[in-house]
Amino acid sequence: MPLAGIAPVLKATTGGNIKITSGKIADAKIYVFVLVIGTEFPLTLVNAAVSIPIGVQSFTLTSTKCVVNFSNIPGLQEVTVGMYTINSAGISPLSALSICANVGNMIR
């Protein structure tokens, strides 16, 4: 089973875009990034599947790289991001969480 990652680094830009970078995890084949609108992160792993309660607005991206870009995220809200990694041995525990304010379509 891969190790849990450290908290991802978040960078919000205009247009509802958030770039997420994590450190490379040894033996990780797939990175699963989960972004939740708000500062609560009620997601859990159930039988190696991410369980999201009804009513929680979330977005998920998978990648073979440790960098992803979420786009068109509703603006002017805080978002929380966690990450799982997967390899042939299974799925890792959830990383530490990161929170940032999404600037949406504001012009800075």
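Here, every reference points to the structure presented above.
Parameters and conventions
- Residues numbered from 1 in each chain as written.
- Predicted model: local features only at pLDDT ≥ 70, side-chain atom pairs only at ≥ 80, totals over all residues.
- Heavy atoms only, no water.
- Buried < 20%, exposed > 50% of the residue type's maximum accessible area, 1.4 Å probe, protein only.
- Helix = DSSP H or I, 4+ residues; strand = E, 2+ residues; numbered from the N terminus.
- Pairing = 2+ DSSP bridges.
- Core = buried A, V, L, I, M, F, W, Y, C linked by side-chain atoms within 4.5 Å.
- Contact = heavy atoms within 4.5 Å.
- Axes fitted to C-alpha atoms, helices over the stretch in contact; angles between N-to-C directions.
- Phe/Tyr/Trp six-rings, centres within 6.5 Å; stacked < 30°, edge-to-face > 60°.
- Patch = residues over 30% accessible without salt bridge, like charges linked within 9 Å, V, L, I, M, F, W, Y side chains within 5 Å.
- Areas by Shrake-Rupley, 256 points an atom, 1.4 Å probe, with all protein chains shown as cover.
- Salt bridge = Lys/Arg side-chain N within 4 Å of Asp/Glu carboxyl O.

Participant: So what's going on with the pairing of strand β8 (residues 77–87)? Which residues, and what values?
Facilitator: β8 sits mainly inside the fold: eight of its eleven residues count as buried. Summarising the sheet, strand β3 (residues 30–37) and β8 pair through eight bridges and their orientation is antiparallel. The partner of I30 across the bridge, within β8, is I86. Pairing between β8 and strand β10 (residues 98–102): five bridges, direction antiparallel. When the sheet's bridge partners are listed, V79 is paired in β10 with C100. Examined bridge by bridge, β8 and strand β9 (residues 90–91) share two bridges and lie antiparallel to one another. Residue pairing across strands places I86 opposite I91, the latter belonging to β9.

Participant: So what's going on with the nonpolar core? Residues and values would help.
Facilitator: Membership of the largest hydrophobic core comes to 17 residues, with the highest contact counts inside it found for I18, I20, Y31, F33, L35, F70 and V79. For this core, the secondary-structure elements that each account for two or more residues are β2 (17–21), β3, β7 (67–70) and β8. Of the residues forming this core, the biggest block, four residues, is contributed by β3. Contacts of L35, omitting those with residues within four sequence positions, involve I18, Q57, S58, F59, F70, I73, V79, T80 and V81.

Participant: Explain the sheet that holds β2 to me, using residue names and the numbers behind them.
Facilitator: Strand order across the open sheet formed by three strands is β1-β2-β7, with antiparallel pairing between neighbours. Sheet topology places β1 (9–13) and β7 at the edges, where each strand pairs with a single neighbour. Averaged over all pairs of adjacent strands, the angle between strand axes in this sheet comes to 15°, irrespective of strand direction. The sheet contact formed by β1 and β2 spans five bridges and is antiparallel. Looking at the pairing, V9 lines up with T21 of β2.

Participant: Can you tell me about the packing of aromatic side chains, naming the residues and giving the values?
Facilitator: On inspection of all chains with the given rule, the structure shows one aromatic pair. Geometrically, the ring pair formed by Y31 and F33 is stacked, given 6.3 Å between the ring centres and 15° between the ring planes. We classify Y31 as buried; its relative accessible area is 1%. Residue class for F33 comes out buried when judged on its relative accessible area of 0%.

Participant: Give me a nonpolar patch on the surface: which residues, what numbers.
Facilitator: A cluster of nonpolar side chains, namely L45, V50 and I52, defines an oily patch on the protein surface of about 180 Å² accessible area. Tracing the sequence through the fold places L45 in strand β4 (residues 44–46). A relative accessible area of 32% means that L45 is categorised as partly exposed.

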